[in-house]
Amino acid sequence: MSTAYSWTWKRPSVIPGFGVTFGFALTYLSLIVLIPLAALIVRSTSLGWAEFWHLAFDPRTLAALRVSFVTALIAAVINSVFGLVLAWVLVRYRFPGKRLIDSMIDLPFALPTAVAGIALSTLYAPNAWVGGLLAPYDIKIAYTPVGIVVALIFIGLPFAVRTVEPVLADLDKELEEAAATLGARRLQTVLRVVLPQLVPAILTGFALALARGIGEYGSVVFIAGNIPFVSEIAPLLIVIRLEEFNYGAATAVAALMLMISFAMLLTINLIQAWSRRRFGHAV
């Protein structure tokens with residue numbers, strides 16, 4: 001009797017309905033994500049390589065892309081660090097006002113991005129509360145790339161906190177106790193026992209904050225100042241090209257953003273998968 005098994009691309013399940021649910025999921029994904037992105041790619045390829053190259057690599061376009069991606073990267077790194085600290089405080093300590101702080105972290109999810117941008121502008125403008133205190137020292141936040149980073153930190157922080165918090169809460173404290181009994185210091189325990197287990201979650205939060213920051217518009221447009229070659233972001237440049245009825249340039253910028261974003265997120269996902277295998281987590 002042969003013991004060979006035929007290859008299958010789906011795992012057996014006691015719950016029926018894989019075909020229906022998979023078909024629905026694929027159809028929904030195609031209608032919402034794949035078809036619009038495919039239309040964007042087809043529209044950009046219809047421009048021809050020479051015209052696409054000219055529109056996509058215009059100096060103003062490259063400057064806007066640099067501002068968008070660099071500021072989003074800086075904000076995502078900052079959010080990853082302080083998101084880990086906030087998640088650690090919320091999970092490991094009890095203190096008055098903990099529920100209030102925990103609910104405030106999710107505020108950027110519920111707050112309209114335009115409201116966030118107006119609030120940050122009124123706070124960091126040169127004649128505002130914080131901006132007025134920094135103005136005598138010639139420190140400007142609003143209407144500069146620094147203001148963009150502040151706005152992206154605000155809208156990306158919940159991703160960094162909420163991805164790390166449940167993983168940190170589920171960590172086995174016996175590992176920390178075992179490390180302490182073996183003579184490890186608190187810092188050594190954090191760096192060698194706790195932190196490696198949090199790396200996949202930290203990378204997930206980083207990727208989500210980065211993706212949100214790259215495409216953010218509402219909260220940034222008010223505080224950025226929108227100065228070409230200085231604080232103009234790529235999403236705003238796309239809107240400007242559309243208002244000029246220059247659909248080819250808008251499509252070229254959008255396609256270039258899509259390619260760069262996909263490459264960055266793919267790299268982060270590969271690093272995340274490697275870290276899961278490296279530290280013993282299931283992929």
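Above this note sits the structure.
Quick notes on the rules
- Note on numbering: residues in each chain are counted from 1, in written sequence order.
- pLDDT decides what is reported in this predicted model: residues at 70 or higher carry local features, side-chain atom pairs at 80 or more are listed and counted, and totals for whole chains, interfaces and linings draw on all residues regardless.
- In computing side-chain values, all of the structure's heavy atoms are included and hydrogens and water are not.
- Secondary structure is summarised from DSSP: a helix means a run of H or I of at least four residues, a strand means a run of E of at least two, and numbering begins at the N terminus for each.
- Accessible area is worked out with a 1.4 Å probe on protein chains only. A residue is then buried under 20% of its type maximum, exposed over 50%, and partly exposed in between.
- The contact rule is simple, with two residues in contact once any of their heavy atoms fall within 4.5 Å.
- Only the protein chains shown count as cover for residues, with accessible areas throughout obtained via the Shrake-Rupley method and a probe of 1.4 Å.
- Positive charges come from Lys and Arg, negative ones from Asp and Glu, while His and the chain ends are left out of the count.
- In this description, the location of a charge corresponds to atom NZ of lysine, CZ of arginine, CG of aspartate or CD of glutamate.
- Working rule for helices: expected span equals 1.5 Å times residues minus one.
- What the arc describes is the spread of directions from the helix axis to the C-beta atoms.
- Lines are fitted to the C-alpha atoms to define the axes, a helix being fitted only along its stretch in contact, and any angle between axes, read from their N-to-C directions, falls within 0 to 180 degrees.
- An angle below 35 degrees is read as roughly parallel, one above 145 as roughly antiparallel, one from 65 to 115 as roughly perpendicular, and any other as oblique.
- Crossing chirality is assigned from the near helix's rotation relative to the far helix, an anticlockwise turn below a right angle marking it left-handed and a clockwise turn marking it right-handed.
- Note on residue categories: nonpolar means Ala, Val, Leu, Ile, Met, Phe, Trp, Tyr, Cys or Pro, charged means Asp, Glu, Lys or Arg, and polar means any other residue, Gly included.

**Student:** What should I look at first to understand the overall build of the protein chain in this one?
**Tutor:** Tallying secondary structure elements over the protein chain gives 13 helices and zero strands in all. In sequence order, the protein chain lays out its α and β elements as α-α-α-α-α-α-α-α-α-α-α-α-α. Seen along its three principal axes, the alpha-carbon backbone of the protein chain occupies a region of about 70 × 60 × 30 Å. Counting all 283 residues of the protein chain, 36% fall into the buried class. Taking contacts inside the protein chain between residues at least 6 apart in sequence as the whole, the part at least 24 apart equals 74%. Total accessible area on the protein chain stands at roughly 17,500 Å², and carbon and sulfur atoms take up 70% of it. Looking at the protein chain, you have 20 positive and 15 negative side-chain charges, and the mean spots of the two groups are 7 Å apart.

**Student:** Is there a simple way to explain helix α6 (residues 113–124) in this structure?
**Tutor:** Since there are 3.6 residues in each turn of an α-helix, residues three or four apart along the chain are aligned in direction. The first and last C-alpha atoms of α6 sit 16 Å apart over twelve residues, in line with the 16 Å expected at 1.5 Å per residue. Residues Ala116, Gly117, Leu120, Ser121 and Tyr124 constitute the buried set of α6. Across the axial projection of α6, the buried residues extend over an arc of 130°, all falling on one side. Here the buried face of α6 lies against α7 (129–134), α8 (145–169) and α11 (218–224).

**Student:** Honestly, the packing of α8 against helix α10 (residues 186–215) in this entry has me stumped. Any pointers?
**Tutor:** The geometry of a pair of packed helices is captured by two quantities: the angle between their axes and the separation between those axes. In the contact formed by α8 and α10, the axes pass within 8 Å of each other and the chain directions differ by 150°. Between α8 and α10, the angle is such that the two are roughly antiparallel. Remark: the crossing between α8 and α10 carries right-handed chirality. Residues Leu152, Ile155, Gly156, Phe159, Ala160, Thr163, Val164, Val167 and Leu168 of α8 lie in contact with α10, whose contacting residues are Val194, Gln197, Leu198, Ala201, Ile202, Thr204, Gly205, Leu208, Ala209, Arg212 and Gly213. Here the contact of α8 with α10 is composed, by residue class, of 13 nonpolar, six polar and one charged.

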